[in-house]
Amino acid sequence: MGTVQHDQAVDWVREQIAAERRELAEVFTTFSRDQWNSPSLCAGWRVREVAAHMSTGFRHSTARSLADLMRAGGSLHRMTDRVARRDAAALTDRQLAAALADHAEHPWRPPVGGRIAALAHDVVHGLDITTALGLPSRLPLPRVTALLATVSRRSLRFFGARLDGVHLRAADTAWAYGEGPAVVEGRAEHLLLLTYGRRLPPGLLTGPGAGRFTLDG
């Protein structure tokens, strides 16, 4: 029974990854030039750099990625930034959208974290784009809550999320995290972004601790 449940969970995550990529690709096809060039929630990246980064694992071989890493002096952060900027400049808007749609079933996953980390990669970067642009919510709640269920002290440290003294509380599902006195309430997808070290546009969070995670102006 445990094996069956595990297999069902794996299949569900695969389905969610494919759905997320296809849905985001459809959203991308509607963007204007201004939207493609607008800032995202990823510091220093426009929408098009984030979109380019999302499909790097599909478009680049392991050998090419290792060569890029060597050219960046072994710095993964420097490499991903350089590659995202390079690819964002080289790819057309249509190609950026197609890269997700055409690889919806691709088995790529991050170096650590497995399939659920691949889903998180797509969902969080998708939110980096859609939240920054002020687009309506499109994420199914079960997809978000599955990712919230993986939040831990270890994951917060890994992504540089500083939530000390904070109590996160979702307004649209029964999820909460932390026991600090500073309550921060918002939609589950917005709280997910906080657990990945993001700050959000004004008006998306409420509570005494909201200002700590809100972008200026």
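A brief look at the structure comes next. (Residues numbered from 1 in each chain as written. Predicted model: local features only at pLDDT ≥ 70, side-chain atom pairs only at ≥ 80, totals over all residues. Heavy atoms only, no water.)

### Looking at the pattern of salt bridges
Our working definition: What makes a salt bridge here is a side-chain nitrogen of Lys or Arg within 4 Å of a carboxyl oxygen of Asp or Glu, nothing more. Starting at the N terminus, helices and strands are each numbered in turn, a helix being any DSSP run of H or I of at least four residues and a strand any DSSP run of E of at least two. Each residue gets one of three labels from its accessible area relative to the maximum for its type: buried under 20%, exposed over 50%, partly exposed in between, using a 1.4 Å probe on protein chains only.
Under the defined criterion, the tally for this structure stands at 18 salt bridges. Its salt-bridge partner being Arg-14, residue Asp-11 comes within 3.3 Å of it at the nearest N-O pair. Of the two residues, Asp-11 and Arg-14 are both situated in helix H1 (residues 2–28); the distance of 3 residues between them amounts to about one turn of the helix. A relative accessible area of 38% places Asp-11 in the partly exposed class. Across the salt bridge formed by Glu-23 and Arg-143, the nearest N and O atoms sit 2.9 Å from each other. Of this pair, Glu-23 sits in helix H1 while Arg-143 sits in helix H9 (residues 141–148); the two residues are 120 residues apart in sequence, bridging distant segments of the chain. Glu-23 sits in the partly exposed class, given a relative accessible area of 28%.

### Considering the nonpolar core
Heads up, the condition is: Joining through side-chain atoms within 4.5 Å is the link that ties buried Ala, Val, Leu, Ile, Met, Phe, Trp, Tyr and Cys residues into a set, and such a set is a nonpolar core.
Within the largest apolar cluster, 32 residues are counted, with the highest numbers of intra-cluster contacts made by Leu-168, Val-184, Leu-191, Leu-192, Leu-194 and Leu-205. Secondary-structure elements contributing two or more residues to this core are H1, helix H8 (114–130), H9, strand S1 (166–170) and helix H11 (188–195). Residues Val-50, Ala-88, Leu-100 and Ile-129 belong to the second largest nonpolar core, which totals 22 residues.

### Comments concerning the packing of H8 against H11
When two helices pack together, their arrangement is given by the angle between the helix axes and the distance between those axes. Inclusion rule: Helix axes use the C-alpha atoms of the stretch in contact, all axes being lines fitted to C-alpha atoms, and the angles between their N-to-C directions lie in the range 0 to 180 degrees. For classification purposes, angles smaller than 35 degrees are called roughly parallel, those larger than 145 roughly antiparallel, those between 65 and 115 roughly perpendicular, and all remaining angles oblique. We call two residues in contact whenever any of their non-hydrogen atoms come within 4.5 Å of each other. Charged residues are taken to be Asp, Glu, Lys and Arg, nonpolar residues to be Ala, Val, Leu, Ile, Met, Phe, Trp, Tyr, Cys and Pro, and polar residues to be all remaining types, Gly included.
Contact geometry for H8 and H11: axes closest at 10 Å, N-to-C directions at 105°. Between H8 and H11, the interaxial angle falls into the category roughly perpendicular. The residues of H11 that touch H8, namely those facing Val-123, Val-124, Leu-127 and Asp-128, are Glu-189, Leu-192 and Leu-193. Here the contact of H8 with H11 is composed, by residue class, of 5 nonpolar, no polar and 2 charged.

### Thoughts on the pairing of S1
What counts here: At least two bridges found by DSSP between two strands are what make those strands a pair.
Counted residue by residue, S1 has 4 buried out of 5 residues, so it is predominantly covered. Relative to strand S3 (residues 182–186), S1 runs parallel, the two being bridged by 5 bridges. Along S3, the bridge assignment pairs Ala-170 with Gly-186. Two strands pair when backbone bridges link them, and S1 and strand S2 (residues 176–177) are joined in this way by 2 bridges, in the antiparallel orientation. Counted as the bridge partner of Arg-169 is Ala-176 from S2. Hairpin geometry of S1 and S2 is characterised by an intervening segment of 5 residues between the two adjacent antiparallel strands.

### Quick look at the environment of Leu-119
With respect to the helices, strands and loops of the structure, Leu-119 is situated in helix H8. Residues Leu-119 and Thr-150 lie 31 residues apart in sequence; the distance between their C-alpha atoms is 12 Å. Among all residues touching Leu-119, those that are not within four sequence positions of it are Val-13, Gln-16, Ile-17, Arg-143 and Leu-147.

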